[in-house]
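So you can see what is in the structure, the chains are spelled out below.
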Amino acid sequence: MKYGRKDAKAYSREHMKGVWAAALTPFTDDHKIDEKGLSSNLAHWHNDLGIDGVFIAGKQGEFFSMSVPERKRTFEIAVDAAKKHGFQTIMSCSDQNMDVVIDLAKHAEAIGADYIVVHAPVLHFFKAQDETLYEYYRYIGEQVNIGIAMWSHPDSGYLMSPELCARIAELPTVVAIKYSVPREMYAKLTKLAGDKILVSTASEEEWLDNILELNWRLYLCSNPPYLFQTAADKRIREYTDLAFKGDAAGARKIRDSLNPVREAFKKTRPAEKPHAHAKYWQSLLGQAAGPVRRPMLELTDAEKSAIRAALAGCGLKLANPANEARSSAA
């Protein structure tokens, strides 16, 4: 870790910025972690696609199907790659069991991860959660020194209010939030606590408007940065950089040009197979992907055929689909 406890907020504000991606975890055909494939993907994302940071072992990464040692191993692979290639890391320590959360958080801190993220837990009551959640994040922050990002999503069964998030933002090591909520909620939180934490959301489609209208500098994050970009077609990176430079019109033109890619991706995604769909699309771009683990479902041949056709016709420029992810040394 490159900062002390008292410097967590200042460090994150200076360094935690740009385009971050939530990693899918590649597996081998026998469902083991594809360590070489993960390392190769990470190198490709940073070196060829301009991705600034990676979110490891989250829901995109199928953490729910992985053992604690496997989750720790993905942390280690990411930290090793980050040291070699120069990107930043945030490790998902989300779990229903607090001992697991703390164990993962301590491991992330010990190996040199930049930050951790912890999903708001599933609670078996549907109102008056505020004190429970405040104490939840306060306790985690007392156990480790690493910067913590909150994460609120409908999967928890509720959404954390902007007022609660602003209260938690006062804690010394809480540095950010991945706030998967309607825009009016995250805009309100930005106004309430944007000087204390970095507010972001997972929607790539909303990223440009959030730069221009809310002065955001962090996209945290989902998989479009490596599914909607190739070494020959880095439009997310391009419109982000233009927006940061103040060229709103140029940024919007490039952002909007990706609409056919977004539509192709959405229209071919089976409702129950988001991970398998994203992994197959990823594999067509030459990246390591492999199968999903149970309980996730695999694609049918017909679904794969539809994805291939949609990708071929969406206008995304492919550098070399067979070798693109291998273009950077792992």
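Residues numbered from 1 in each chain as written. Predicted model: local features only at pLDDT ≥ 70, side-chain atom pairs only at ≥ 80, totals over all residues. Heavy atoms only, no water.

Asker: Sorry if this is basic, but what is going on with helix α1 (residues 8–15) here?
Answerer: Note on helix geometry: an α-helix contains 3.6 residues per turn, so any two residues three or four positions apart are oriented the same way. The set of residues buried in α1 consists of A8, Y11 and S12. Projection of α1 onto a plane perpendicular to its axis shows the buried side chains occupying an angular sector of 95 degrees, all on one side. When the buried face of α1 is taken as reference, the exposed residues oriented beyond 90 degrees from it are A10 and E14. Residues of α1 that are buried make contact with β4 (115–119), β5 (147–152), β6 (174–179) and β7 (198–200). (Buried < 20%, exposed > 50% of the residue type's maximum accessible area, 1.4 Å probe, protein only. Helix = DSSP H or I, 4+ residues; strand = E, 2+ residues; numbered from the N terminus. Arc of directions from axis to C-beta. Contact = heavy atoms within 4.5 Å.)

Asker: Sorry if this is basic, but what is going on with the side chain of H44 here?
Answerer: Topologically, H44 is positioned in helix α2 (residues 35–47). In this structure the side chain of H44 is engaged in a polar contact, spanning 2.8 Å, whose partner is the side chain of D48. (Polar contact = N/O pair within 3.5 Å; in protein donor to acceptor, adjacent residues only side chain to side chain.)

Asker: Looking at this structure, I do not really get empty space enclosed by the protein. What am I missing?
Answerer: Over the atoms, a rolling probe the size of a water molecule traces out where space has been left empty. Tallied over the entire structure, the rule returns one cavity of 30 Å³ or more. Approximately 30 Å³ is the volume found for the largest cavity. Together, A23, L24, T25, L38, I56, A57, G61 and T74 line the largest cavity. (1 Å grid on protein atoms, 1.4 Å probe; cavity = no way out; pocket = protein on both sides within 12 Å on 5 of 7 lines; lining within 4 Å. Points joined across faces, edges and corners; volume = space filled by probe spheres on them.)

Asker: Sorry, what's going on with the packing of aromatic side chains here?
Answerer: Given two aromatic rings, one states the distance between the centres and the angle between the planes to describe the pair. One pass over the full model with this rule turns up 13 aromatic pairs. Taking the centre distance of 5.3 Å and the plane angle of 90 degrees together, the rings of Y136 and Y137 count as edge-to-face. For Y137, a relative accessible area of 0% gives the class buried. An angle of 75 degrees between the planes, with centres 5.3 Å apart, marks the rings of F228 and F265 as edge-to-face. One end of the pair, F228, is in the loop between α9 (224–227) and α10 (235–244); the other, F265, is in helix α12 (residues 259–267), and 37 residues separate them in sequence. An identical accessibility class is assigned to F228 and F265; each is buried. When the ring centre of Y134 is taken as origin, the NZ or CZ atom of R167, which lies over that ring, is 3.9 Å away. K178 extends its terminal NZ or CZ atom over the ring of F55, reaching a point 4.6 Å from the ring centre. (Phe/Tyr/Trp six-rings, centres within 6.5 Å; stacked < 30°, edge-to-face > 60°. Lys NZ or Arg CZ within 6 Å of the ring centre and 35° of its normal.)

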